[in-house]
Amino acid sequence: MAEVRAAHATDVAAIHDICTRAFHATYQGVLPAGYIGRMLAEFYAPDRIAGRIAPDSPGWLGYQVVEEDGRVLGVAAGGLTAAGAAELFMMYLEPPERGRGLGTLLLNRIIEQVRELGATELWVAAVVGNDLGVPFYEARGFTIQSKRRAYGSTDAEDVWSWLLRRFL
């Protein structure tokens, strides 16, 4: 049975591998290769992951992992961004493990964490063209609020994200 727990330093390699595989599986052919490479290097390099394992509450609640039979299958992270508002910063699953409810377990963990800190709404950014993420969030009560240029996108790349919100 899958369980969600706070990540440990021993999970760094698994988190890196999951994020790399899932990012490629989700965005290959959707996003420019240069953008994919920059985002993976900036956010999911092992050194960066290792430095962010521990929470720095309330803005960063640390990585949460879903584990089954001793194997890490997914990762998520969130935190408060303003009084009453929180963000799901990232969530990735091993691509073959999608559709098993593991993402919902991770999302529920983040919701539980931010509610305890007083959040009444949760935001998430999903890249336009992410045909897995957007329907997942919408099925769990998120609604699209606006569209903005994706973090790190250059004018030439022209990558955009939907901003979705769910009241808690």
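Before any of the text, the structure's been laid out above.
> Before we go on, may I ask you to explain the environment of tryptophan 123 in this structure?
Relative to the helices and strands, tryptophan 123 resides in strand β5 (residues 121-127). Along the sequence, tryptophan 123 and leucine 80 sit 43 residues apart, while their C-alpha atoms lie 9.9 Å from each other. Apart from the residues lying within four places of it in its own chain, the contact partners of tryptophan 123 are Ala86, Glu87, Leu88, Gln145, Leu163, Leu164 and Arg165.

> Just to check I follow, could you spell out the packing of helix α1 (residues 12-27) against helix α2 (residues 33-43) for this structure?
Each pair of packed helices can be described by the angle between their axes along with the distance between the axes. One way to put it is that α1 packs onto α2 with a least axis distance of 11 Å and a crossing angle of 155 degrees. The angle between α1 and α2 places the two elements in the roughly antiparallel class. Between α1 and α2 lies a crossing of right-handed hand. On the side of α1, the interface is formed by Cys19, Thr20, Phe23, His24 and Tyr27, while α2 contributes Ile36, Met39 and Leu40. Counted by class, the contact of α1 with α2 contains six nonpolar, two polar and no charged residues.

> Any chance you could explain the nonpolar core here in plain terms?
Nonpolar side chains in soluble globular proteins tend to end up buried together. Ranked by size, the top nonpolar core spans 27 residues in total, and within it Ile15, Phe23, Tyr44, Tyr63, Val75, Met90 and Tyr92 carry the most contacts. Where this core is concerned, the elements lending two or more residues are α1, α2, β3 (71-82) and β4 (85-93). Ranked by residue count, the leading element in this core is α1, at seven residues. Look past the residues within four positions of isoleucine 15 in its chain and what remains in contact with it is Ala7, Ile49, Ile53, Tyr63, Val65 and Val75. Grouped together as the second largest cluster of nonpolar side chains are 25 residues, Leu93, Leu102, Ala119 and Val134 included.

> Can you walk me through the environment of glycine 101 in this structure?
Tracing the backbone through its elements, the reader meets glycine 101 in the loop between β4 and α4 (102-116). Owing to a relative accessible area of 34%, glycine 101 belongs among the partly exposed residues under this scheme. Glycine 101 sits 99 residues away from alanine 2 along the chain, and the two C-alpha atoms are 9.4 Å apart.

Cut-off values and rules
Residues numbered from 1 in each chain as written. Predicted model: local features only at pLDDT ≥ 70, side-chain atom pairs only at ≥ 80, totals over all residues. Heavy atoms only, no water. Helix = DSSP H or I, 4+ residues; strand = E, 2+ residues; numbered from the N terminus. Contact = heavy atoms within 4.5 Å. Axes fitted to C-alpha atoms, helices over the stretch in contact; angles between N-to-C directions. Parallel < 35°, antiparallel > 145°, perpendicular 65-115°, else oblique. Left-handed = near helix turned anticlockwise from the far one by under 90°. Nonpolar A, V, L, I, M, F, W, Y, C, P; charged D, E, K, R; others polar. Core = buried A, V, L, I, M, F, W, Y, C linked by side-chain atoms within 4.5 Å. Buried < 20%, exposed > 50% of the residue type's maximum accessible area, 1.4 Å probe, protein only.

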